[in-house]
Structures are given as C-alpha cells and as structure tokens.
Amino acid sequence: MADRTTESRSKVRDASLDNAKAILIVLVVLGHVIEDVPKDDAAEWLYRVIYLFHMPAFALITGYLSRRFKASIGSYLKLIGALLVPYLVFQSAHGLINARIDNEPFSLDVFDPKWTLWYLLAVALWRALTPLLRAIPYAVPLSILAALGFGLIPNLPDTLSLDRAITLLPFFVIGLTVTPDSLDSVRRVGPLALSAIFLPVAAGVAWWSLDRLGGDDFWFSRSFLQLGDDWLATGLMLRLCSYGLGLLGTAWVLAVAPRRRLPITYLGIQSMYIYLLHSVTLTAFRDNGVIEGLDEPWLVLASIGFAILLSAVLASKPVTVITMPFIQPPFGKIKKREPAPARHRAPARQQVPLWDSVPAWEPAPAPAPEPRPARTREPRRDSVPTWDSVPNWDSVPTSDSVPIWDSAPAPAPRQVRTRERRPVVQPSPARRALVEDQPQGGWVIQDDTPRPRRAAPAPS
C-alpha cells in the first residue's frame, strides 16, 4: 500500500504496483534466459510456470495504468513518442545485430517485430483503443468473445503482433475496469492464501503439459486448431484454462508484492529499460549458444542469478541516463499547446503638450467649471400641529367640524371598579370641641366613641 500523504490518491505512486512489475520483469528476463538453452525437466517446468501468468499480469497492470488515457492530440503524440519511437529504434538495433552475426545485409521490417518487441505494438494498439473500450458497455465479455472468435482462425496473423495483441486483449480490458478498491480487496485475501491456491495448480498444470504441449503453446499466439491438434474443443478448453490461470497468477503477484518501497521497487519503475535492453543483450547468447556448456543441474540456479543481476544492471542509474534518449525520447513529452489568453489592450492615454510647445503669452484656457448637480427638493412632509395649536381638552371640537378619516372604532369604555364607601362617623360634640381648641399641628386626642362594626360577608 502506498504511503499516506496529503496528496490525492491518483497522484501518489503505488509502490505495490512497482514491486509487482519488478517481480514480473525479472520473470520475463528469466524466461528469455532459459528459452533457447538446453533444459532438463526442471528448467522446462519453470519455464512453463512463468509463461502461465507473467504476460497476462503485465497486460492487466498496463490496462489499469492506462485508465486515464484520453482521445486527444497530446495523448496520441505521447503514445507515439513513448512506444512507437522506441520500437523503431530497437527494431533497427536488432536488425543490425542480426546482420552482424549472420553476415547478411541490414534489413528493416517494421511489420514483423523482433523477439520481445511485439509487446510495444500490442500496448500501442490497446491504448489507442482505450477511449472506445471504456465507452462501450460490457467491454470485458465482448473482448473475451472477440479473443475466442479470433482463435477460430487456423493460422493467426502475426503481422504487427496481432495474434498476441488480440488474444491478450481481455486482460487489458479487465485492467481498465479495475479500481483501487478492487486491488485492495485482492490484497486483503493475503499472499499465503493465494499462494496455497495458485502455486500447486500452476505446478500441476506445468508438469502435466510436459509430455502433451509444447513450450510455444504458452505464448498466447496459437489458434485453437494448433493447440488441440485439429480439435477445436480441446484448443478452446486450453485457452479458457489459460485465461483462468492468468487471472489467478495476476492476483497472486498483486498479493505477494510488498506494499512499501524497497530496493526492488526501482526495478519496477525502470521496467521499460529492462524490457528493451535485455533482449538486445541476450541476442548474442541466443544465437551463439554461449551458455550451452554449463552443467545442466546448475543451469536453473545460474539462470535465476543471471536474470536478477542483469535486471539490476540494466535498471541502474548510469545505464538509464545513457539510454534515456532512445527509450524515453523527448518526443514523448510533447503536450498540446494551449492558446494564450487574449490580452486586453489598455486605452491610449491622452497626449498632453509640453510646456515648451505652448506660447508663453497665451495663457492656458481655464477648465470649464463643472456643472453643479441639481438639488432635488425633498417632498414636504405633512405638517404636524404644535401643542399651542391643539385645542384644550375642555373644548374639543365636535364631530361635525372634524373630518372623519375612517378611524378605527373607539374601544369600549373601561369599567371602573367602584369601592363601597364606608359610612362617615360623626364625632361627638365633645371631640369636635376638643379638636377645634387644639393648636394647628398639635396632638389629636383619639375619640373614644365606639364605631359601628363591619358587617360579616354573607355565606355563598
């Protein structure tokens, strides 16, 4: 799993995919190392196990990484620079090497790819069709039907590597439909579980095929008649089994590949360099039989060590820097030039004459006074009568002299609660005489005249 960063997931390079490509590219080199050398049963068995799944896995991962390919001029220019230009360069290099070894004149046939260069043409065809493959519904079953129908042809055409390109097309289309969540689901199954399923099956199929099939039957380039010895049903069953084993082997590689960056991750990043350069390096070994004298019991171990060492050397920094102009030419970085935004031209300033050009005896005309804006008079508000002009409440004008403005109805008169007045007790003559004789502000003697008691309230 890629390290978590603040960047979006699409911008972070998935280390597990690079590790998976590193495993696959080493297997590609190992398969080519032991392809044309004398092999015992162990070497032949290893060769067939490798070819059961390594190219289907590469096609599926290529499809997954091609999901963002768009039908634009810039995308197709990049496609030409990234695949077709290196194809022409290394096709010419193979032609020169073969002419040197065979002492024959140099010849260049761009329609017949040399050895490992078929994959560049296949990827170029797949990516060119990517916008169409992503637009049509049910692309995966349709691609499987197209590949199976193509297998009915007695002899598949190998021009421009159409045989392998169409046969492996379903894996590329499946890669286009795979999502990051799908890859996480495969990885969650675990390497141990998938190893326990895939490795015994692959080993059994490879061992079973030693006496029944040839090594080239695992190249995904033969028709059903060629696979089944003139039996279409047998060839069809073998092709369907190869598709199932290819998918299972791809899932195994994705689960086994570590999810963090390791020293082998650099091999996956530079897998293009290893793929193109190892074929040129091994051409001399294939044609001259340099390693035919090796002891057969040690041939498998020696081939494995040589494949790992050669992959590490071809992915090293000095080799990639020297060969970069041929493998990743600058033509592959061409982008569609976007039109520059229109510039808004500022209006020209009014030219002011210099003081030297103005006669001194002619004073400059005074600027015209700016017209004052017309003052808008606010509407006069309704006059409010002052308190002096309001009539007294004692003399309120009658309704006949005051116009009625549809005023709201007068509220109902407020009910005033009247309090029962107590009977006044007249003081006795003695008290009145006493009060009148008191000086003003003096003490008042309380009257001892009994007052009438308050009547008790009637029971309700």
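Residues numbered from 1 in each chain as written. Predicted model: local features only at pLDDT ≥ 70, side-chain atom pairs only at ≥ 80, totals over all residues. Heavy atoms only, no water.

Visitor: Looking at this model, I keep getting lost on the overall build of the protein chain. Mind explaining?
Guide: When helices and strands are tallied, the protein chain shows 17 helices and 0 strands. For the protein chain, buried positions account for 34% of its 460 residues. Within the protein chain, contacts between residues at least 6 apart in sequence are counted, and of these 79% link residues at least 24 apart. With an accessible surface of roughly 32000 Å², the protein chain has 60% of that area assigned to carbon and sulfur atoms. (Helix = DSSP H or I, 4+ residues; strand = E, 2+ residues; numbered from the N terminus. Buried < 20%, exposed > 50% of the residue type's maximum accessible area, 1.4 Å probe, protein only. Contact = heavy atoms within 4.5 Å. Areas by Shrake-Rupley, 256 points an atom, 1.4 Å probe, with all protein chains shown as cover.)

Visitor: Explain the packing of helix H2 (residues 41-65) against helix H12 (residues 232-256) here, please?
Guide: Helices that pack against each other are described as a pair by the angle of their axes relative to one another and the distance between those axes. In contact at an axis separation of 8 Å, H2 and H12 are set at 70° when each is read in the N-to-C sense. Relative to H12, the element H2 is oriented roughly perpendicular. Of the residues in H12, those in contact with Leu-52, Phe-53, Pro-56, Ala-57, Leu-60 and Ile-61 of H2 are Ser-242, Leu-245, Gly-246, Leu-247, Gly-249, Thr-250, Trp-252, Val-253 and Leu-254. Grouping the constituent residues of the contact of H2 with H12 by class yields 11 nonpolar, 4 polar and no charged. (Axes fitted to C-alpha atoms, helices over the stretch in contact; angles between N-to-C directions. Parallel < 35°, antiparallel > 145°, perpendicular 65-115°, else oblique. Nonpolar A, V, L, I, M, F, W, Y, C, P; charged D, E, K, R; others polar.)

Visitor: What is the right way to look at the environment of Arg-261 in this model?
Guide: Turning to its location among the elements, Arg-261 is positioned in the loop between H12 and helix H13 (265-269). A C-alpha to C-alpha distance of 8.6 Å links Arg-261 and Asp-18, two positions 243 residues apart in sequence. The residues contacting Arg-261, other than those within four sequence positions of it, are Ala-15 and Ile-269.

Visitor: Could you clarify how one ought to interpret the nonpolar core in this entry?
Guide: Across soluble globular proteins, nonpolar side chains have a tendency to be buried as a group. Core analysis: the largest hydrophobic core is formed by 83 residues, its most contacted members being Phe-53, Tyr-119 and Trp-126. No other element matches the 14 residues that H2 contributes to this core. If near-sequence neighbours (up to four positions away) are discounted, Tyr-119 is found in contact with Met-55, Phe-58, Ala-59, Thr-62, Trp-126 and Tyr-275. (Core = buried A, V, L, I, M, F, W, Y, C linked by side-chain atoms within 4.5 Å.)

Visitor: For this particular structure, what's the right way to read the packing of helix H8 (residues 169-177) against H12?
Guide: Across the interface, H8 lies against H12 with an axial gap of 11 Å and an inter-helix angle of 40°. Our classification of the angle between H8 and H12 gives oblique. By crossing handedness, the relation of H8 to H12 is classed as right-handed. In this structure, H8 uses Pro-170, Phe-171 and Ile-174 to contact H12, whose residues at the interface are Ser-242, Tyr-243, Gly-246 and Leu-247. Its residues assigned to classes, the contact of H8 with H12 comprises 5 nonpolar, 2 polar and no charged. (Left-handed = near helix turned anticlockwise from the far one by under 90°.)

Visitor: Got a minute to help me understand the environment of Gly-204 in this structure?
Guide: Of note, Gly-204 is situated in helix H10 (residues 191-208). Judged by its relative accessible area of 39%, Gly-204 falls in the partly exposed class. Distance from Gly-204 to Val-49, taken between C-alpha atoms, is 9.3 Å for residues 155 residues apart in sequence.

Visitor: Help me understand the packing of aromatic side chains in this model?
Guide: Given two aromatic rings, their pairing is described by the distance between the two centres and the angle made by the two planes. Applying the stated criterion across every chain, the model contains 12 aromatic pairs. A ring pair is formed by Tyr-119 and Trp-126, whose centres lie 6.1 Å apart and whose planes are at 85°; its orientation type is edge-to-face. This pair shows no difference in class: Tyr-119 is buried, exactly as Trp-126 is. The rings of Phe-58, Trp-118, Tyr-119, Trp-126, Phe-172 and Tyr-275 are connected pair by pair, giving a single aromatic cluster. Residue placement shows Arg-164 over the ring face of Trp-118; its charged tip is 4.7 Å from the ring centre. (Phe/Tyr/Trp six-rings, centres within 6.5 Å; stacked < 30°, edge-to-face > 60°. Lys NZ or Arg CZ within 6 Å of the ring centre and 35° of its normal.)

Visitor: Hey, could you run me through the confidence of the model for the protein chain in this one?
Guide: Any region with low pLDDT has predicted coordinates that should not be read closely. Per-residue confidence for the protein chain gives a mean pLDDT of 78; residues scoring 70 or more make up 65%. Taking the mean pLDDT of every element in the protein chain, the minimum, 55, falls on helix H17 (residues 429-437) and the maximum, 96, on H8. Here residues 440-447 is modelled with pLDDT under 50, and outside its nearest four sequence neighbours on either side it reaches 9 contacts, counting other chains as well. (pLDDT = per-residue confidence, 0-100.)

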